[in-house]
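Next come the chains, spelled out residue by residue.
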Amino acid sequence: MPELPAATPRARVRVPLRFHDGYGVDADVVTFHGLTDGQEHVALVLGDPSTTPLVRLHSECLTGDVFGSARCDCGPQLREAVEQIATRGGVLLYLRQEGRGIGLYNKLDAYALQDEGLDTYAANTALGLPEDARDYTSAAQMLAALGISSLDLLSNNPDKAEQLRALGVDVQRRVPTGVFTTAHNVRYLRAKVLQTRHTLPLPELNAG
């Protein structure tokens, strides 16, 4: 198990969150010193975190989170996660990992290849990029800085749990998110099931 360099909280500020459907909640937004990748990741502390808080690692998605793109399920997952975590108590780590870590411009280039028939992972590979470039070392540092060593992980992605466990975080169980399908994202979601073992319980997504 690797020995992680310590990160420390930098600042903590109260921010009222308001969503397009009328849901609102206040979050404590925490920034950090000492994150290994040098990115400006933030933690949103919601509700009253319990001994085993509910935690989501949410990778930034400008198109989905901000503009409501229907090509992915990121925006609905973010909205759902904030309410679930606020209700139970926990933390949402908002990680600057656009396009599974390849960046915004590369993600949009991959979209163009997807329009030609490639799936989301094959498109990354065709660009000479990793299928998934995300590393969760900074996430583990953030959790340690917040005093969280044991958690339930809100995610359909087994890789997130596996990486956190390898980094010394006690992931007690993985809590699935909802499944948010549109006419534009079914191929994307199906690729996540078939390529990276995401737990998305829809028969049409699991069909080979």
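Residues numbered from 1 in each chain as written. Predicted model: local features only at pLDDT ≥ 70, side-chain atom pairs only at ≥ 80, totals over all residues. Heavy atoms only, no water.

Draft legend 1. Local environment of the pattern of salt bridges. Considering all chains together, one arrives at 11 salt bridges under this definition. Here Arg 18 makes a salt bridge to Asp 26, at a shortest N to O gap of 3.8 Å. Under the relative-accessibility criterion, Asp 26 is labelled partly exposed at 33%. Between Glu 98 and Lys 107 there is a salt bridge, with its nearest N and O atoms 2.5 Å apart. Linked by salt bridges that have partners in common, Arg 12, Arg 14 and Asp 28 make up one network. (Salt bridge = Lys/Arg side-chain N within 4 Å of Asp/Glu carboxyl O. Buried < 20%, exposed > 50% of the residue type's maximum accessible area, 1.4 Å probe, protein only.)

Draft legend 2. Representation of the pairing of strand S4 (residues 54-59) in the model. The buried fraction of S4 amounts to 6 of the 6 residues, a majority that puts the element mostly inside the structure. Side chains Leu 54, Arg 56 and His 58 of S4 all project onto a buried face; the interleaved residues Val 55, Leu 57 and Ser 59 project onto the opposite face, where all are buried too. In this structure, S4 lies alongside strand S5 (residues 90-95), joined through 6 bridges in parallel fashion. Bridging across to S5, Ser 59 finds its partner in Leu 95. Sheet topology note: the S4/strand S6 (residues 150-154) ladder contains 2 bridges and is parallel. Along S6, the bridge assignment pairs Leu 54 with Asp 152. (Helix = DSSP H or I, 4+ residues; strand = E, 2+ residues; numbered from the N terminus. Pairing = 2+ DSSP bridges.)

Draft legend 3. Representation of the sheet that holds strand S7 (residues 170-175) in the model. The strand order S1-S2-S3-S5-S4-S6-S7 describes an open sheet built from 7 strands, whose pairing is mixed. Strand pairing shows two members of the sheet lacking a second neighbour, strand S1 (8-18) and S7, which therefore form its edges. Mean inter-strand twist for the sheet, computed between neighbouring axes without regard to direction, equals 30 degrees. Two elements, S1 and strand S2 (residues 24-33), share 10 bridges in a ladder whose sense is antiparallel. (Axes fitted to C-alpha atoms, helices over the stretch in contact; angles between N-to-C directions.)

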